[in-house]
Amino acid sequence: MNILGQFFPPYFSLHYLGAMMTPIGETLEMAAGGIFIAILAGLMAGTWAGAGLPGGRIIYRLLAAFRSIPDLTMAIFCVVMVGIGPAAGTLALAIFYSAAMGKIFADLFLAAPKEPVDALRATGAARLSVAMFGLLPLRSKDVLSYGFYEFESALRASVIVGAVGGGGIGTELVGTLNALDYRRTTTLILLLIVLVALVDQAAGLLKRRPLAVMVLLPIGAAAFWMNRPAMLAMSHAFGTFARMLPPELPSDAIGQLPRLFGETLEIALGGTLIGMTAAVPLGLLAARNLAPAWISLPVRRFLEALRAIPEVVWGLVLVTTIGIGPKAGVLALAFHATGALGRLYAESFENIPAAPVRALEATGAPRVAVAAMGFLPLALGPLAVHTLFRFEWNVRAATIVGVIGAGGIGQALYNAQQLFFYRQMMAYVLLTWMLVTIVDLASGTLRRRMKVMEVFA
Amino acid sequence: MVRVAGEDVSRLRGRALRHLRSRVAVVSQRHDLVDELSVLQNVMAGALGRWSSWRALRFLLRPSAAEVEEARAALARVGLAHKLHARTAGLSGGEHQRVAIARALVQRPVLLLADEPVASLDPERSDQILDLLTGLARESNVTLLCSLHQTELAHRHFGRIVELREGRIAMDSSDPAFLQEGI
């Protein structure tokens, strides 16, 4: 009866763990292969845009636009284009992260120290030469450390794209749910938490030695090579792409659009609000300048575990336990947002000035009062900014959890793909992109306004 | 309007501007080397004006013996030949500046602009750097134009002195009226 009970205890056997090494390898392979291409392509596009070469501005716009297509949407697109399997996953991650990195690299290059670059320009060097002798070496450290930071994020995304047929641990996870084999689901989730924690650790090491990121390059090149045949089946891919054009929606589907948009925004907003409400007390408990270590440390670990599981994985579990619909989506986003926001809030609380807090404590106020009268108002600015960022992220995530049955525009997109209505699918991809772009613009404007407020405060 | 070598600088664009820039080398008090490159690469950056981007890329991947030799010769003229393969970030302030001068030499300019090259140096170092600059200009037959704040340094090192006050020429040592008055 109680479905949640069926997830416990997790299923453990050496044989099963051994059998899972292949999908785990596939997931890592997709992430490494995707990031490998993304670093190369992102570097080229970023240099082009950042060095002000002809057409650089158009490239910058394109990068920004592609970045607004959520990774899972891209994955569905790629599964249709190149077929089920790691090749599709690699391609999806490569496109998504090429755009993301290209834009960041361009921003890094545009903000490079002015003097050495001017001096190079003064020798009469061509723009591309200036980029090679100035921009790239000046920013090499940031480029490398950012590359690895994105690898961590790509690993999570790699699990996600697996869920729509990209292969790897994501596909396994969906398999266990479909087979009603929930104890194995729990095992896979635990494996995932361990995997993300390991990569987190490696990222910490790499912060001190950024050049070590070079290990990704041979692994990535190998991963790309192994997935090469399907990815290079370009004639098939272009043929499929042609069938997606022009995008088109039947009139009854157009009538459904307001409801779909509403559901997606409802999932994003609900997930953010619940996450925020839970993250404030948890963040306070995790703040080392407020709570004693025996409380803050376990709370911190708990938040990290919540955050390690991507929304889609939460969504898969919740859709199984409480059923299809926006409610599962809201909760899925809320769980992940609680973890992510809780950690950021804790950091914001730890960064507040010490003097006003000491003054409050000197009045003999109890801890709870100090938290409410001191910590909360003092950290309000950063808290609001983090929350808005999370909302932007959650709009993407809401379209993603839709794919696995949480409703909204994501579900419509997935249904169209399953029924081979490619022109409809294309329309939903474009609509998703529009929604994300509009929310980003609105939220960005709001954030800039708040920055101004902080300056005046 | 600013004319350099008969060309109106503000109207030049693209290739023509690059060509003019490659003929005018600039040395300033700012530390405008790229710390992440080696000394060799920073020095040869002076050649970028006459190199194509492909040649620049080839040099970064595999510098030819002739290129290494050119850099070594330029560094030898500023007394830093032993720093050819050193890390730029590890150089002292004075060495930094001499590497920047070596880069200007590799540029093979017709005009060398030195923008307050000694602003942050002690008097002894200032004399050394100005000796170096004027000596190099004489050897290579390059016009050297140097801005300075200290008049006594200017008198000690330069043949012609133009004094600027509030954006106007207050005094030009090549002016016959000035020559009559004597120094």
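Thresholds applied
- Residue positions are given per chain, counting from 1 as you read along its sequence in written order.
- Going through the entries in the order they are written, you letter the chains from A and number the ligands from 1.
- Owing to the predicted nature of the model, reporting of local features is limited to residues with pLDDT of at least 70; listing and counting of side-chain atom pairs is limited to 80 or more, with chain, interface and lining totals taken over all residues.
- Secondary structure elements follow DSSP: runs of H or I of four or more residues count as helices, runs of E of two or more count as strands, with numbering from the N terminus.
- The globule rule used here is 2.2 Å times the number of residues to the 0.38 power, and the radius of gyration it is set against is calculated over C-alpha atoms.
- With C-beta atoms placed from the backbone, the exposure class of a residue follows from how many other C-beta atoms lie within 10 Å of its own: 20 or more, buried; 12 or fewer, exposed; in between, partly exposed.
- The contact criterion used is a C-beta to C-beta distance within 7 Å, with each C-beta placed from the backbone.
- Each residue gets one of three labels, nonpolar for Ala, Val, Leu, Ile, Met, Phe, Trp, Tyr, Cys and Pro, charged for Asp, Glu, Lys and Arg, and polar for the others, Gly among them.
- Where each domain begins and ends follows an automated or database-derived domain assignment.
- Between the first and last residue of a helix there are one fewer steps than residues, each counted as 1.5 Å, and that sum is the expected span.

> I tried to follow the overall build of chain A on my own but got confused; where do I start?
Scanning chain A from terminus to terminus reveals 21 helices and zero strands. On C-alpha atoms alone, chain A measures out to a radius of gyration of 23 Å, which is about the 23 Å that the 2.2 N^0.38 rule sets for 457 residues. C-alpha atoms of chain A, sized along the principal axes, occupy 75 × 75 × 50 Å. Evaluated residue by residue, chain A yields a buried proportion of 50% over its 457 residues. Contacts spanning at least 24 positions in sequence make up 79% of the contacts within chain A whose residues lie at least 6 apart.

> Explain the interface of chain A and chain B here, please?
Quoted interface sizes are often the accessible area lost when the parts come together. Facing 18 residues of chain A, the contacting portion of chain B comprises 22 residues. Every element with two or more residues in the side of chain A that touches chain B is listed here: helix 6 (114-122) and helix 7 (127-166) of chain A. Tallied by class, the residues present in the side of chain A that touches chain B amount to eleven nonpolar, five polar and two charged.

> What is the right way to read the domain arrangement of chain A from this model?
All names here are of chain A. Taken domain by domain, chain A holds domain 1 (4-242) and domain 2 (251-456). Every contact between the two is made by 23 residues of domain 1 and, on the other side, 25 residues of domain 2. Among the secondary structure elements, those contributing two or more residues to the side of domain 1 that touches domain 2 are helix 4 (71-82), helix 7, helix 8 (169-178) and helix 9 (182-208). Considering each element in turn, the side of domain 1 that touches domain 2 owes the most residues, six residues, to helix 9. Here the residues of the side of domain 1 that touches domain 2 are counted per class, giving 19 nonpolar, three polar and one charged.

> Sorry if this is basic, but what is going on with helix 4 of chain A here?
Since the α-helix advances by 3.6 residues per turn, residues separated by three or four positions end up pointing in the same direction. Residues and elements named next belong to chain A. Its twelve residues place the ends of helix 4 16 Å apart at the C-alpha level, agreeing with the 16 Å of an ideal helix rising 1.5 Å per residue. With twelve of twelve residues buried, helix 4 is to be regarded as a mostly interior element. Buried residues of helix 4: Asp71, Leu72, Thr73, Met74, Ala75, Ile76, Phe77, Cys78, Val79, Val80, Met81 and Val82, and no others. Following helix 4 by one or two positions, glycine 83 adopts a phi angle in the positive range, close to 90°.

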